[in-house]
Amino acid sequence: MTDTQLGPEFSLLVRCCRWNFAKAQSPSPPELPPELDWNGVVTLARRHRVQGLVWNALAQHADRLPSHAKEALSSEARSIAATNLAIAAECRELHRLFGQASLPMLFIKGLTVGALAYRSPLLKMGWDIDLLIDPCDLPKSAKLLVDRGYVLRTPSDPTRIESWHGSSKESVWSRDDSLHIELHTRLADNKWLIPAIDVHSPRLSVEVAPSLSLPTLAEDLLVAYLAVHGASSAWFRLKWISDFAALLAGRTKEEIEQLYRRSQELGAARAMGQALLLADRLFDALKAAPELRAELARDRATRMLCSAALRMLANDSEPTERPLGTLPIHWTQLLLRPGLDFKLSELKRQGYSLFSQLVH
C-alpha cells in the first residue's frame, strides 16, 4: 500500500504520533502539506483515537490551522488529559487496595505504556483501566471491585463470571459510567499465544505521574504482549501501532533483534513479525535492523498479515460499522501461529466466542 492510498491526512497523523515518541530524534513539529482536508484530519484522529498526540504535535502550527480543527483537537486533547488524570487517581487507589489485600496485579496498556512511549503520556487516549490478575484470585478481585462500587457489565450475570473467564480473557466493569476496568486473567484470546506471560512474570515500575508509580510487565514481555494485542484486532487503530513503534524507537539493531527472538520464546509467533513489519512501514522501525526486516518479509503469511493490517488502518470507519468489516480480524487471527492445531483451536475459540455473544 502506497502513501497515496493511505492519504496525506493519515500520513500527517503518523508523523504527529512519531513526533511524540519519548525517544523522538527531531524536536521540530511535523510540516503541514498543502491542501489538507482538515475535516478529514479531525475525523481520522478521532477514529484512530490519537487526538491528544496530534494536537501536541501541531500546537506550534496553531495559527495555520482552521479554527474548527484547532478548537476540536485542542479541546479533545484537554479532555483526554483530564480523563487520564482521573484514571491515574483511580489507579493509585486500586494499587493500594490490591496491595492491602495481598492480591498481585499489573497494569497493562494505558498509562504505563503511555509513560514509556511518549513525552506527554497524559495525551495518549484511554478510556479504561486494564488489570492483570491471577486466575485464582478472581473471586477476591471481583469482590474488591464490587466493594469499590464497580458493576459487572460483561458478562451481565455475576454468577457466570468464573465460567466466563474460563473461555474469555477479561471481564468488563464500570463505576458511575465514568470509570471502566477490564479485569484480565490472561493476556491473549487464544491460549496458544504468549501462554507464559502472567501476573507473576518479571515486572517494571513506571512513573506515570509525579509521586505515582505503577507496576507493569518488563519491557521485553510488554512488547510481545502489545504485538499480540494489536494482532487480535488486525491493528485497525493507529494508536496501537504507534504505542508499539514508540517502544522500539532509539533501539539498536541488537536490541530490536533480541526483542524479536525473545517474543518467539514467549509465544508471540507471527504477531510480532506482523507488528514489526507494520511499524516499519509506518514509522521506519526496522531502519536499524534491515536483516530482520528481510527475514520477516520472506514469510508469506507475515507479509499477508502486514498488508491486511494496512488495509484496516486505511479505512475511515470502524470495522463494526462496515458490512463484513470484522472479517479480516477473524481470518488474520488464524495465521498468527503456524500449524493446523493452532488453526483448529482458533476456529473453535471464535465459534465459542460468537455463541457466547449471542447468548449474552
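All values reported here derive from a predicted model rather than from experimental measurement.

A.B. asks: Which residues make up the nonpolar core, and what values go with them?
C.D. replies: Taken as a class, soluble globular proteins show a tendency for nonpolar side chains to be buried jointly. Judged by nonpolar contacts, the single largest core of 95 residues is most densely connected at I194, L238, F244 and L282. Not counting chain neighbours up to four residues away, the residues in contact with L238 comprise F10, L13, V14, C17, H48, L282, F283 and L313. Of all hydrophobic cores here, the second largest spans 27 residues; its members include L111, A142, I161 and L212.

A.B. asks: Mind laying out the side chain of R322, listing which residues take part and the relevant values?
C.D. replies: For R322, the position within the fold is in the loop between α14 (300-314) and α15 (327-333). It is D316 that comes nearest to the buried, bridge-free R322 among opposite-charge side chains, at 6.2 Å. Among residues more than four places away in sequence, those in contact with R322 are M312, N315 and S317.

A.B. asks: Give a description of the sheet that holds strand β3 (residues 151-154) that names residues and reports values.
C.D. replies: As summarised here, the arrangement of the five strands in space is β1-β2-β5-β4-β3, forming an open sheet in which the pairing is mixed. Of all the strands in the sheet, the pair left with one neighbour each is β1 (105-108) and β3. Neighbouring strand axes in the sheet, compared pairwise and without regard to direction, differ in orientation by 30° on average. Note that β1 and strand β2 (residues 129-133) share four bridges and pair antiparallel. Bridge pairing in β2 places I108 opposite D130. Along the sheet, helix α5 (residues 67-100) makes contact with β1, β2, β4 (170-175) and β5 (179-184), crossing β2 at roughly 20°.

A.B. asks: Lay out empty space enclosed by the protein in plain terms, naming residues and giving numbers.
C.D. replies: Empty space among the atoms becomes apparent when a probe as large as a water molecule is rolled across them. Using the criterion set out here, one finds two cavities of 30 Å³ or more in the structure. Space inside the largest cavity adds up to approximately 140 Å³. I87, K109, G110, L111 and D128 are, among the 18 residues lining the largest cavity, the residues nearest its centre. Broken down by secondary-structure element, the contributors of at least two residues to the lining of the largest cavity are α5, β1, α6 (110-117) and β2.

A.B. asks: Break down a nonpolar patch on the surface for me, with residues and values.
C.D. replies: The grouping of L340, L344 and L347 at the surface amounts to a nonpolar patch, some 310 Å² of accessible area in total. Mapping L347 onto the fold places it in helix α16 (residues 340-359).

A.B. asks: Mind laying out the layout of surface pockets, listing which residues take part and the relevant values?
C.D. replies: Computed from the structure, the largest pocket encloses a volume of approximately 1,600 Å³. Along the wall of the largest pocket there are 49 residues; nearest its centre are K169, E170, D189, S232 and S233. Listed by contribution, the elements that provide at least two residues to the lining of the largest pocket are α6, α8 (161-167), β4, β5, α9 (219-231), α10 (238-248), α15 and α16. Of the residues assigned to the lining of the largest pocket, the class counts are 16 nonpolar, 18 polar and 15 charged. In this structure, the second largest pocket occupies an estimated 700 Å³ of space. Together, 30 residues line the second largest pocket, and R18, F21, Q25, F283 and D284 are the ones closest to its centre.

A.B. asks: How would you summarise the packing of aromatic side chains if you had to cite specific residues and measurements?
C.D. replies: Under the definition given, this model contains five aromatic pairs. Relative to F283, the ring of F21 has its centre 5.4 Å away and its plane inclined at 45°; by these criteria the two rings are tilted. Of the two residues, F21 sits in the loop between α2 (8-19) and α3 (38-48) while F283 sits in helix α12 (residues 270-283), which places them 262 residues apart along the sequence. When its relative accessible area of 4% is taken as the criterion, F21 is described as buried. An aromatic cluster of three or more residues is present, and its members are F21, Y118 and F283.

A.B. asks: Give a description of the packing of α9 against α12 that names residues and reports values.
C.D. replies: Where α9 meets α12, the closest approach of the two axes is 8 Å, and the angle between their N-to-C directions is 85°. With respect to their mutual orientation, α9 and α12 come out roughly perpendicular. Side by side, α9 and α12 meet where V223, A227, V228 and A231 of the first sit next to A271, M272, Q274 and A275 of the second. The residue inventory of the contact of α9 with α12, partitioned by class, reads seven nonpolar, one polar and no charged.

A.B. asks: Give a description of the pairing of β2 that names residues and reports values.
C.D. replies: Of all five residues making up β2, five are buried, and the element is well covered by its neighbours. Burial along β2 is two-sided: I129, L131 and I133 and D130 and L132, pointing in opposite directions, are all buried. The sheet contact formed by β2 and β5 spans four bridges and is parallel. By the bridge assignment for β5, D130 is matched with E182.

A.B. asks: Which residues make up the environment of E162, and what values do they have?
C.D. replies: If you trace the backbone, E162 turns up in helix α8. A relative accessible area of 53% means that E162 is categorised as exposed. Counting along the chain gives 159 residues from E162 to E321, while the straight-line C-alpha distance between them is 31 Å. In this structure, E162 is in contact with L138 and P139, ignoring residues within four places of it in sequence.

What counts, and at which threshold
Numbering of residues begins from 1 in every chain and follows the order in which that chain's sequence is written. Only residues with pLDDT of at least 70 are given local features in this predicted model, and only at 80 or more are side-chain atom pairs given and counted; all residues enter the totals for whole chains, interfaces and linings. Here the side-chain values reflect all heavy atoms present in the structure, with hydrogen atoms and water set aside. Nonpolar cores were defined as sets of buried Ala, Val, Leu, Ile, Met, Phe, Trp, Tyr and Cys residues, with membership established by side-chain atoms within 4.5 Å. With a 1.4 Å probe rolled over the protein chains alone, any residue whose accessible area is under 20% of its type maximum counts as buried; one over 50% counts as exposed, and the rest are partly exposed. Any two residues whose heavy atoms approach within 4.5 Å at even a single point are treated as in contact. Each helix is a run of DSSP H or I of at least 4 residues and each strand a run of E of at least 2, with the numbering of both proceeding from the N terminus. The convention is simple: Lys and Arg are positive, Asp and Glu are negative, and His and the chain ends are not counted. When a carboxyl oxygen of Asp or Glu is within 4 Å of a side-chain nitrogen of Lys or Arg, the pair counts as a salt bridge. Here, a strand pair is defined by DSSP locating no fewer than two bridges between the strands. All axes are obtained by fitting lines to C-alpha atoms, using only the stretch in contact for helices, and the reported angles, taken between N-to-C directions, cover 0 to 180 degrees. Lining residues are defined by having an atom within 4 Å of a point belonging to a cavity or pocket. Those points lie on a 1 Å grid over the protein atoms alone, cavities being sets where a 1.4 Å probe fits but cannot get out and pockets being open sets with protein on both sides within 12 Å along at least five of seven lines. Grid points are joined across faces, edges and corners, and a volume is the space filled by probe spheres set on the points. Without a salt bridge and with relative accessible area above 30%, a residue can belong to a patch; like charges are then joined within 9 Å and nonpolar side chains (Val, Leu, Ile, Met, Phe, Trp, Tyr) within 5 Å. In this description, accessible areas are obtained by the Shrake-Rupley approach with a 1.4 Å probe, and a residue is regarded as covered only by the protein chains that are shown. Gly falls in the polar group here, along with every residue not listed as nonpolar (Ala, Val, Leu, Ile, Met, Phe, Trp, Tyr, Cys, Pro) or charged (Asp, Glu, Lys, Arg). Each pair of aromatic rings taken from Phe, Tyr and Trp, with Trp reduced to its six-membered ring, is defined by centres within 6.5 Å and is described as stacked if the planes are under 30 degrees apart, edge-to-face if over 60, and tilted in the remaining cases. Roughly parallel means an angle under 35 degrees; roughly antiparallel means over 145; roughly perpendicular covers 65 to 115; every other angle is labelled oblique.

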